[in-house]
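Fold and contact review
Listed below, chain by chain, are the residues.
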Number of protein chains: 2
Amino acid sequence: MSPLIDPRILKGFRDFLPAAEIERRNLIERVEDVFRAFGFAPIDTPALEYTEVLFGKAGGETEKQVYRFTDNGGRDVALRFDLTVPLARFAAEHRAALRFPFKRYHIAKVWRGENTQRGRYREFTQCDFDCIGCDSAAADFEILLIMKEALTAADAPPFTMRLNHRGLFNRFLQTIDAAGKSTEILRIVDKLSKMGKDDVLRLLSAILDDKRARQVIDYIEPKGSWNETFEAITTAAGGDNPDSERLKTLRDFMIETETQDVFVLDPSITRGLDYYTGVVFETMLDDMPSIGSVCSGGRYDKLTGLYSKEALSGVGASVGLDRLIAALEAAGKTAKRETYADAAVICFDEAQAGAYQKIANRFREAGICCEVFFEAKKDSVQFARAEKKGIRWAIIEIANDTLILRDLATREDSEVLSISEAILLIKNSHKLNQNGHSALFVYRPR
Amino acid sequence: MSPLIDPRILKGFRDFLPAAEIERRNLIERVEDVFRAFGFAPIDTPALEYTEVLFGKAGGETEKQVYRFTDNGGRDVALRFDLTVPLARFAAEHRAALRFPFKRYHIAKVWRGENTQRGRYREFTQCDFDCIGCDSAAADFEILLIMKEALTAADAPPFTMRLNHRGLFNRFLQTIDAAGKSTEILRIVDKLSKMGKDDVLRLLSAILDDKRARQVIDYIEPKGSWNETFEAITTAAGGDNPDSERLKTLRDFMIETETQDVFVLDPSITRGLDYYTGVVFETMLDDMPSIGSVCSGGRYDKLTGLYSKEALSGVGASVGLDRLIAALEAAGKTAKRETYADAAVICFDEAQAGAYQKIANRFREAGICCEVFFEAKKDSVQFARAEKKGIRWAIIEIANDTLILRDLATREDSEVLSISEAILLIKNSHKLNQNGHSALFVYRPR
């Protein structure tokens, strides 16, 4: 017999055991439901692509972090490192088959050979949604609205969405004659929340004269209300222009939908990447700033530039699943259940598995997930097992079609019930959540 | 400017556009709902693992088909080629943290550098469910029941599940003194449905004398009813034994749950792989045999053998998603919708996007997916766009809180309705499906 192999996984990669995976699926499904409710459709693309296709856009820094190799057919291939480059390739390749504005979401794994010492993962799930082929305030606003609804559906702790316009910032840089250094300035300004004002000023002073460095600081510093900030940055950018007009329209839409309270106009938001050209936004958790932005994005105007001469603009955002899970855990909002089952049929006689499945099927048909236990251990052992898994109800068969329900939360037994009565008891015992749905896990209707 | 890059994907890989991806998600979610309803929990494992860990079990044939490379840290790594080896590694690594019997499902991508000329994909989604750490008829039967329920939930065309017991076959081989050639014989017998009886007999005669080759053919040939077949193979295997007992118990469970009509005892089913040791099963579509088995599996008893001295047995099956999609398409059962939205708010004034979102939110809150159109094109153009995407209802705003619903299926307009009336009209117009759920795509309650 050959020696045993150590069953270990690669550093930076993760196994998800049931409790963690249910938490993750639950978050993803809530967010996905919102995408679907807004008419955003899912797509999927290959995990592995030609290196040439993936690296068009990325600089040398990204390239080093990519899983790249030569396949058995001699092709230079790489694992995708984000979902934006594949979207660009996809949109260029299938342009004729897509209907624009094209509203899509994509939830899938990406891989980066990052330094795991910084607490980063080498494999993680990205969750992107974009509307492409449309440059309108309506599209920008819809992305913002979805962000708000998705985070609400995810039961995220209180959050604030910070918004800015890169075009307006560039107009301001032109008025102070610093447009040529736009990229470097943006990268420095992006560090404001991490480094503080003094350090940003010092960095800016290294590439601009002192006066202009201070003007940049004045521009990006918070001013109070949306309107005060709006007036100040519009004036600094040389007065009314299409970019300030866009911000004004977005504000109108917020007021119309009574969502203005979660949005803040913050001129220091730049989202680092050169990629963005219009509105940019990020979402901080009010009581957990150290977690960072849990949903960010912006408008861009050269999505397919590498693959096609026809420009395609768009606006989109990405939900930070790992950060949100961390926030939900910190807020004590995770269920830590190892199963979707709300009920378990207790086993008194292993030969009765057919009868137990028959009972369980009645509950399943009524939308109640129901496990059948196989081993006729002591009932206390079976109750403990169900409870540890997160199952609330133990089903104790009495005779054909009659049973006792034991509520493992209170350790109370019901009277002898028919199956229909038991189903009603379970359904009525679960509180309705905000959407008016039962807190039970149930079959998802379509 | 650098030259344009050709936006192409690797051969054997696929993009999924909205209609195809919605079909795929719909199938996966229906099947997944059944796994959850039975108390099976999801897990996830890394796409990339140490080659040594993945190759423990696989022979040289599989090895050639694997995407294997050296990562930037000098590690010998490979993309997973199935979900069974990762399950074995996972079970060995996390044994102390898992509760047995451990019922898990895993739906994830796998990669194989297969010859694409045979119509195979190099990237595809596997959908496995297993119950491990338990060797009982109850566990075997639960897997069979889930297979039946999952295929029913997936709206699969009429199907028959064929069942056999590898242990019983091996006992028969002992009685004819051919147990030493068990593996080769199993591989030949597995080809019966593809090659026919005469060719199988010829192949068997090459490794067995003529009399025993005919005895094998007699064993595997269909005998009529379950009971006739059962009696014949039990006698051929030397009379009652634990394996025939297992088959008898499974039959009792089928009768108890009134599911016996979809199961056939078929002694020619072997599922090729050496891996299986107990019951084996496959599922053929009655009217589409050429599609092959859409759900197969069996019982095995050395899952973690490579990584641990403690044996772990289990039983499981795998749903063939690509084959099922092909069958659903051939049966005209695919919806070909490009969106989950059932309604779209028509745009008459682009500045009203806020008001349109406000209306749409009312429908979304009621569980109706609703897109907002952004461009004030002619209404006929907008109706056509909605219809092509698979959206049935156009929402024509009349004033605050009043609207007209246009049914794009009949081209009829409603009277002027309040939003609540419109929601009711849409909900009542959609037929209920078998589970009593609306055929609408709606928010999935949890």
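Conventions and cut-offs
- Residues numbered from 1 in each chain as written.
- Chains lettered and ligands numbered in written order.
- Predicted model: local features only at pLDDT ≥ 70, side-chain atom pairs only at ≥ 80, totals over all residues.
- Heavy atoms only, no water.
- Helix = DSSP H or I, 4+ residues; strand = E, 2+ residues; numbered from the N terminus.
- Buried < 20%, exposed > 50% of the residue type's maximum accessible area, 1.4 Å probe, protein only.
- Contact = heavy atoms within 4.5 Å.
- Areas by Shrake-Rupley, 256 points an atom, 1.4 Å probe, with all protein chains shown as cover.
- Salt bridge = Lys/Arg side-chain N within 4 Å of Asp/Glu carboxyl O.
- Polar contact = N/O pair within 3.5 Å; in protein donor to acceptor, adjacent residues only side chain to side chain.
- Nonpolar A, V, L, I, M, F, W, Y, C, P; charged D, E, K, R; others polar.
- Arc of directions from axis to C-beta.
- Domains from an automatic or database assignment.
- Least-squares fit on C-alpha atoms with pLDDT ≥ 70 in both.
- Pairing = 2+ DSSP bridges.
- Patch = residues over 30% accessible without salt bridge, like charges linked within 9 Å, V, L, I, M, F, W, Y side chains within 5 Å.
- Lys, Arg positive; Asp, Glu negative; His and termini not counted.
- Charge placed at Lys NZ, Arg CZ, Asp CG, Glu CD.
- Axes fitted to C-alpha atoms, helices over the stretch in contact; angles between N-to-C directions.
- 1 Å grid on protein atoms, 1.4 Å probe; cavity = no way out; pocket = protein on both sides within 12 Å on 5 of 7 lines; lining within 4 Å.
- Points joined across faces, edges and corners; volume = space filled by probe spheres on them.
- Left-handed = near helix turned anticlockwise from the far one by under 90°.
- Parallel < 35°, antiparallel > 145°, perpendicular 65-115°, else oblique.

**Some details on the overall build of chain A**
Within chain A one finds 16 helices and 17 strands. Expressed along its principal axes, the backbone C-alpha trace of chain A runs to roughly 85 × 60 × 45 Å. Among the 446 residues that make up chain A, the fraction classed as buried is 58%. At a minimum sequence separation of 6, the contacts of chain A that also span at least 24 residues come to 67%. By element, 48% of the accessible surface of chain A is carried by carbon and sulfur atoms, the whole surface being about 18000 Å².

**Focus on the interface of chain B and chain A**
With 119 residues of chain B at the contact, the number on the chain A side is 119 residues. Across the chain B-chain A interface, the total number found is 16 salt bridges. With its nearest N and O atoms 3.3 Å apart, the salt bridge here joins A:Lys103 to B:Glu371. In this structure, the connection of chain B to chain A is made through 34 residue pairs in polar contact (both at pLDDT 80 or more). Taken together, the residues that form the side of chain B that touches chain A break down as 61 nonpolar, 17 polar and 41 charged.

**Description of helix H16 (residues 419-429) of chain B**
Residue and element names in this part refer to chain B. Of the residues making up H16, those classed as buried are Ile419, Ala422, Ile423 and Ile426. Mapping the buried residues of H16 onto a view down its axis gives an arc of 100°, with all of them on the same face. The outward face of H16, more than 90 degrees from its buried face, is lined by the exposed residues Leu424 and Asn428. Contact partners of the buried residues in H16: strand E12 (343-345), helix H14 (353-365), strand E14 (393-399), strand E15 (402-407) and strand E17 (417-418).

**Digging into the environment of A:Trp226**
Residues and elements named next belong to chain A. Looking at the element boundaries, Trp226 is found in helix H11 (residues 226-236). Here Trp226 falls in the buried class, since its relative accessible area comes to 8%. Residues Trp226 and Asp266, spaced 40 residues apart in sequence, show a C-alpha to C-alpha distance of 8.5 Å. In this structure Trp226 touches Leu163, Leu247, Arg251, Met254, Phe263, Val264 and Leu265, once residues within four positions along its chain are discounted.

**Side note on the domain arrangement of chain A**
Annotation of chain A at the domain level lists domain 1 (11-158 + 286-336), domain 2 (171-266) and domain 3 (343-429). Using only C-alpha atoms to locate each centre, domain 2 of chain A and domain 3 of chain A end up separated by 61 Å.

**Quick word on the relation of the copies chain B and chain A**
Least-squares fitting of chain B to chain A yields an RMSD of 0.1 Å, with the superposition described by an axial translation of 0.0 Å and a rotation of 180°. Here the transformation between the copies is reduced to the relation of a two-fold axis.

**Side note on the pairing of strand E9 (residues 276-285) of chain A**
Residues and elements named next belong to chain A. When you tally the buried positions in E9, you get nine out of 10 residues, the bulk of the element. As paired strands, E9 and strand E10 (residues 295-300) are joined by three bridges and run antiparallel to one another. Each residue of the ladder has a partner; that of Phe281, found in E10, is Gly297.

**Things to note about a negative patch on the surface**
All names here are of chain A. On the surface, Glu231, Asp240, Glu245, Asp252 and Glu256 cluster together into a negatively charged patch. For the negative patch, the element with the highest residue contribution is helix H12 (residues 242-256), accounting for three residues. Along the chain, Glu256 turns up in helix H12.

**Focus on unusual backbone geometry**
At the junction of A:Phe100 and A:Pro101, the peptide bond is cis and its omega measures out at -5° in the coordinates. Within the secondary structure, A:Pro101 is located in the loop between helix H4 (84-93) and strand E5 (102-111).

**Observations regarding the sheet that holds strand E2 (residues 48-50) of chain A**
All names here are of chain A. Taken in spatial order, the three strands make up an open sheet running E2-E4-E3, and their pairing is antiparallel. Only two strands of the sheet have a single neighbouring strand rather than two, namely E2 and strand E3 (68-70). Sheet twist, expressed as the average angle between the axes of neighbouring strands with direction ignored, equals 35°.

**Remarks on the pattern of salt bridges**
With the rule as written, the count across this model stands at 82 salt bridges over all chains. A salt bridge links B:Asp71 to B:Arg75, with the nearest nitrogen and oxygen atoms 2.7 Å apart. For the salt bridge of B:Arg411 with B:Glu387, the shortest nitrogen-to-oxygen distance reads 3.3 Å. Of this pair, B:Arg411 sits in the loop between E15 and strand E16 (412-413) while B:Glu387 sits in helix H15 (residues 379-389), and the two are 24 residues apart along the sequence. Each member of the salt-bridge network shares a partner with another, and the members are A:Asp15, B:Glu49, B:Arg89 and B:Glu93.

**What about empty space enclosed by the protein?**
The tally for this structure, following the rule as stated, stands at four cavities of 30 Å³ or more. Estimates place the volume of the largest cavity at around 660 Å³. Along its surface, the largest cavity is lined by 35 residues, and A:Arg25, A:Ile107, A:Ala108, B:Arg25 and B:Ile107 are the ones closest to its centre. Here the residues of the lining of the largest cavity are counted per class, giving 16 nonpolar, four polar and 15 charged.

**Examining the packing of helix H5 (residues 137-153) of chain A against H14(B)**
Each pair of packed helices can be summarised by the angle the axes make with each other and by the distance between the axes. For the pair H5(A) and H14(B), the least separation of the axes is 11 Å and the interaxial angle reads 35°. In this structure, the crossing between H5(A) and H14(B) has a hand that is right-handed. Each of A:Ala138, A:Phe141, A:Glu142, A:Leu145 and A:Glu149 in H5(A) lies in contact with H14(B), whose residues at this interface are B:Ala353, B:Gln357, B:Asn361 and B:Arg364. Residues that form the contact of H5(A) with H14(B) fall into these classes: four nonpolar, two polar and three charged.

**Overview of the sheet that holds strand E10 (residues 295-300) of chain B**
Residue and element names in this part refer to chain B. Ordered by their spatial adjacency, eight strands build an open sheet running E1-E5-E6-E11-E10-E9-E7-E8, and the pairing between neighbours is mixed. Sheet topology places strand E1 (41-42) and strand E8 (263-265) at the edges, where each strand pairs with a single neighbour. Sheet strands in contact with helix H1 (residues 18-37) are strand E5 (102-111), strand E6 (123-132) and strand E11 (314-319), and its direction is about 160° off that of E5. In the packing of helix H5 (residues 137-153) onto the sheet, contacts are made with E5, E6, strand E7 (159-165), E8, strand E9 (276-285), E10 and E11, and the angle to E7 comes to roughly 165°.

**Concerning the packing of H1(B) against helix H13 (residues 321-330) of chain B**
All names here are of chain B. Interaxial distance between H1 and H13 falls to 11 Å at its minimum, and their mutual angle equals 115°. Taken together, the axis directions place H1 and H13 in an arrangement best described as roughly perpendicular. Considering how the two elements wind past one another, H1 and H13 form a crossing that is right-handed. Between H1 and H13, the contacting residues are Glu23, Arg24, Leu27 and Ile28 on the first element and Leu321, Leu324, Ile325 and Leu328 on the second. Looking at the contact of H1 with H13, its residues break down into six nonpolar, no polar and two charged.

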